[in-house]
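What follows is the residue order along each chain.
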Amino acid sequence: MDTPKPPPIQRDWVTKSLAGTLLGFGLALSVSGLFVRLRPDMALSVKGPLAKWMLAPVWLGTLAGSYFFSSGLRAWLWLGGTNLLLAGVLIVLSAASGG
């Protein structure tokens, strides 16, 4: 009896990996920056380490989630758009607060 062949590995895993790694880092930096901007009342001795330790889970979560996109192009477009949106919000908040 012939056993069915396993499905081949998708060819765009490299593009998904690069999108999750590169754009996930930018996303993690933006999320950390938004946390710092939106919590001005928190003591720096607490806020600094929280912002620092927030980077790894967001970055690795984005990297892991990038494999759920149907193609590498979609991963680049969605993560790139999210990066632009969050960076824009961060810039607007920074300009609005005067610093």
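The sections below set out a description of the structure shown in this document. Each chain carries its own residue numbering, running from 1 in the written order of its sequence. Restriction of local features to residues with pLDDT of at least 70 applies here, the model being predicted, together with a cutoff of 80 or more for giving and counting side-chain atom pairs; totals for whole chains, interfaces and linings are based on all residues. Side-chain measures were taken over the full set of non-hydrogen atoms in the model, leaving aside hydrogen atoms and water.

**Let's talk about the packing of aromatic side chains**
Point 1. Each pair of aromatic rings taken from Phe, Tyr and Trp, with Trp reduced to its six-membered ring, is defined by centres within 6.5 Å and is described as stacked if the planes are under 30 degrees apart, edge-to-face if over 60, and tilted in the remaining cases. As enumerated under the stated definition, the model contains one aromatic pair in all.
Point 2. Taken together, a centroid distance of 4.8 Å and an interplanar angle of 55° make the contact between phenylalanine 25 and tryptophan 59 tilted. Residue phenylalanine 25 is found in helix α1 (residues 13-38), and its partner tryptophan 59 is found in helix α2 (residues 44-65); the two are separated by 34 residues along the sequence.
Point 3. Under the scheme applied here, a residue whose accessible area is under 20% of the maximum for its type counts as buried, over 50% as exposed, and between as partly exposed, the area being computed with a 1.4 Å probe on protein chains only. Residue class for tryptophan 59 comes out partly exposed when judged on its relative accessible area of 31%. Here a helix means four or more residues in a row that DSSP labels H or I, a strand means two or more in a row labelled E, and each is numbered from the N terminus.

**Notes on α1**
Point 1. What a helix is expected to span follows from its residue count: subtract one and scale by 1.5 Å. For α1, which comprises 26 residues, the first-to-last C-alpha distance of 35 Å matches the rise-based estimate of 38 Å (1.5 Å per residue) to within 8%.
Point 2. Given a residue, its bend is the angle between the two axes fitted to the seven residues that end at it and to the seven that start from it. Its maximal kink placed at glycine 24, α1 deviates by approximately 30°.

**Here we look at the packing of α1 against α2**
Point 1. α2 packs onto α1 with a crossing angle of 150° between their chain directions and a minimal axis gap of 8 Å. The orientation of α1 relative to α2 falls into the category roughly antiparallel. Here α1 and α2 pass one another in a crossing that is right-handed. Of α2, the residues touching α1 (which contributes Ser17, Gly20, Thr21, Gly24, Phe25, Leu27, Ala28, Leu29, Val31, Ser32, Phe35 and Val36) are Lys47, Leu50, Ala51, Met54, Leu55, Val58, Trp59, Thr62 and Leu63.
Point 2. Following the grouping adopted for this structure description, the nonpolar residues are Ala, Val, Leu, Ile, Met, Phe, Trp, Tyr, Cys and Pro, the charged ones are Asp, Glu, Lys and Arg, and the polar ones are all others, Gly among them. For the contact of α1 with α2, the class distribution of residues is 14 nonpolar, six polar and one charged. Convention adopted: a line fitted to C-alpha atoms gives each axis, helices being fitted over their contacting stretch, and angles between N-to-C directions are expressed from 0 to 180 degrees. Relative orientations are named as follows: roughly parallel for angles under 35 degrees, roughly antiparallel for angles over 145 degrees, roughly perpendicular for angles from 65 to 115 degrees, and oblique for any other angle. Helix crossings fall into two classes, left-handed where the near helix is turned counterclockwise from the far one by less than a right angle and right-handed where it is turned clockwise. Contacts were defined at the residue level, with two residues in contact if any of their heavy atoms lie within 4.5 Å.

**Topic: the environment of leucine 90**
Point 1. Residue position: leucine 90 is located in helix α3 (residues 72-96).
Point 2. Of the residues examined, leucine 90 reaches a relative accessible area of 22% and is grouped as partly exposed.

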